[in-house]
Amino acid sequence: DGQLTLQLIDLGGSNVNIVLNALEVIVAGPDRRGPHAVQVLPIGTVFGGTERITLTFNEALDASSFDASDVSLIGPGGAVGPLAVRQVSAVSYEIAFALLDEPGLYQVCVGPDVRDVAGNRLDQDRDGVGGEVPADQVTARFTVETALRLDFGKVTSPVAAGYRQVLETVVYAAA
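Sequence order sets the numbering: in each chain, residues are counted from 1 along the sequence as written. Reporting in this predicted model follows two pLDDT cut-offs: at least 70 for local features of residues, and 80 or more for side-chain atom pairs to be given and counted; totals over whole chains, interfaces and linings ignore these cut-offs and use all residues. With hydrogens and water stripped out, all remaining heavy atoms of the structure feed into the side-chain values.

Participant: Whenever I open this one, the overall build of the protein chain confuses me. Can you help?
Facilitator: Runs of H or I in DSSP of at least four residues are treated as helices and runs of E of at least two as strands, each being numbered from the N terminus. When its secondary structure is counted, the protein chain shows zero helices and eleven strands. Order of helices (α) and strands (β) in the protein chain, N terminus to C terminus: β-β-β-β-β-β-β-β-β-β-β. Here the globule rule reads 2.2 Å times residues to the power 0.38, and the radius of gyration is calculated from C-alpha atoms. Taken over C-alpha atoms, the radius of gyration comes to 26 Å for the protein chain, far larger than the 16 Å a tight globule of 175 residues would show. Along the three orthogonal principal directions, the C-alpha set of the protein chain runs to about 90 × 40 × 30 Å. Burial classes: relative accessible area under 20% of the type maximum marks a residue as buried, over 50% as exposed, and values in between as partly exposed (1.4 Å probe, protein chains only). Going through the 175 residues of the protein chain one by one, you find that 27% of them count as buried. It only takes one pair of heavy atoms within 4.5 Å for two residues to be counted as in contact. Within the protein chain, counting contacts between residues at least 6 apart in sequence, those at least 24 apart form 60% of the total. Shrake-Rupley sampling with a 1.4 Å probe provides the accessible areas, and residues are treated as covered by the protein chains on show and by no other component. When the accessible surface of the protein chain is split by element, carbon and sulfur atoms take 53% of a total near 11,800 Å². The centroid of the 11 positive side-chain charges in the protein chain is displaced by 8 Å from the centroid of its 22 negative side-chain charges. Charge assignment: positive for Lys and Arg, negative for Asp and Glu; neither His nor the chain ends contribute. A single reference atom marks each charge: NZ on Lys, CZ on Arg, CG on Asp, CD on Glu.

As structure tokens, this is what we get:
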């Protein structure tokens with residue numbers, strides 16, 4: 001009916017003449033927004049490979065809604081099945097794999113039936129409609145390189161396929 005009845009109880013304070021100047025009441029209705037991933041690691045190039053992918057979400061998930069069946073990974077050799085999904089914190093999860101060390105591009109896809117604690121499905125595109133394929137699936141890519149391949153030579157020397165040319169004029173820099 002739009003009315004709020006508030007009863008204040010003195011819990012033994014020393015001043016019975018305290019005046020309440022302001023009161024802010026916030027009505028937090030039911031959670032109707034689905035979660036979305038805010039970070040997926042690794043990104044870019046990974047040297048030597050990795051055994052895990054870490055996802056961080058904007059809110060806590062219902063851990064029982066996220067398991068290996070929600071994950072697909074395609075690597076240079078085809079599909080790679082996850083070994084397990086492990087909760088790291090309320091908002092972070094690790095997906096474990098056998099060592100991903102074959103050089104090339106990897107693409108991971110998660111969801112969309114992963115849910116938050118209120119039961120809302122992933123809403124990766126944040127359009128208010130969760131669980132859409134492919135819009136609400138979390139996708140990320142990274143590349144695995146096993147070694148840095150350098151071909152030392154002169155400017156006129158041919159460069160071996162898959163190698164980076166390094167001339168005698170180049171001075172080492174971490175970049």
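From this point, things continue past the structure.
Participant: Honestly, a nonpolar patch on the surface in this entry has me stumped. Any pointers?
Facilitator: Candidate patch residues must exceed 30% relative accessible area and have no salt bridge, after which like charges are joined if within 9 Å and Val, Leu, Ile, Met, Phe, Trp or Tyr side chains if within 5 Å. In the sections that follow, a salt bridge refers to a side-chain nitrogen of Lys or Arg positioned within 4 Å of a carboxyl oxygen of Asp or Glu. Together, Leu4, Leu6, Leu8, Leu20, Leu23 and Val25 make up a nonpolar patch on the protein surface, roughly 630 Å² of accessible area in all. Locating Leu20 in the fold gives a position in the segment before β1 (37-41).

Participant: Explain the sheet that holds strand β3 (residues 50-57) here, please?
Facilitator: Two pairing modes exist for strands in a sheet, parallel and antiparallel, and in both the strands are linked by backbone hydrogen bonds. Strand pairing is assigned whenever DSSP identifies at least 2 bridges connecting the two strands. Strand order in the open sheet formed by four strands is β1-β3-β7-β6, with antiparallel pairing between adjacent strands. Pairing within the sheet leaves two strands with one partner each, and these edge strands are β1 and β6 (84-87). Mean inter-strand twist for the sheet, computed between neighbouring axes without regard to direction, equals 20 degrees. Bridge count for β1 against β3 is four bridges, and the pairing is antiparallel. Each residue of the ladder has a partner; that of Val40, found in β3, is Leu55. To get an axis, fit a line to the C-alpha atoms, keeping to the stretch in contact for a helix; angles then go from 0 to 180 degrees between the N-to-C directions.

Participant: Please clarify how the pattern of salt bridges should be interpreted in this entry.
Facilitator: Evaluated as defined, the whole model comprises four salt bridges. One salt bridge connects Glu94 with Arg52, and the closest N-O pair in it is separated by 3.5 Å. Here Glu94, found in strand β7 (residues 92-100), pairs with Arg52, found in strand β3; they are 42 residues apart in sequence, far enough to count as distant. Take Glu94: its relative accessible area is 17%, and that puts it in the buried class. Judged by relative accessible area, which is 41%, Arg52 ranks as partly exposed. Among the ionic pairs, Arg86 bridges to Glu94, the shortest N-O distance being 2.9 Å. On the basis of relative accessibility, which here comes to 46%, the residue Arg86 falls in the partly exposed class. Several salt bridges share partner residues, and in doing so they unite Arg52, Arg86 and Glu94 into one network.

Participant: Just to check I follow, could you spell out unusual backbone geometry for this structure?
Facilitator: Peptide bonds are, in most cases, trans, and in most cases residues other than glycine have a negative phi. Here the bond from Leu41 into Pro42 is cis, since omega is 5 degrees, no more than 30 degrees from zero. Tracing the sequence through the fold places Pro42 in the loop between β1 and β2 (44-47). Cis geometry marks the peptide bond from Gly111 to Pro112, where omega comes out at 15 degrees. Position of Pro112 relative to the elements: it lies in the loop between β8 (104-110) and β9 (138-145). Even without glycine at this site, Arg126 takes up a positive phi of about 55 degrees. The topology assignment puts Arg126 in the loop between β8 and β9. A relative accessible area of 53% means that Arg126 is categorised as exposed.

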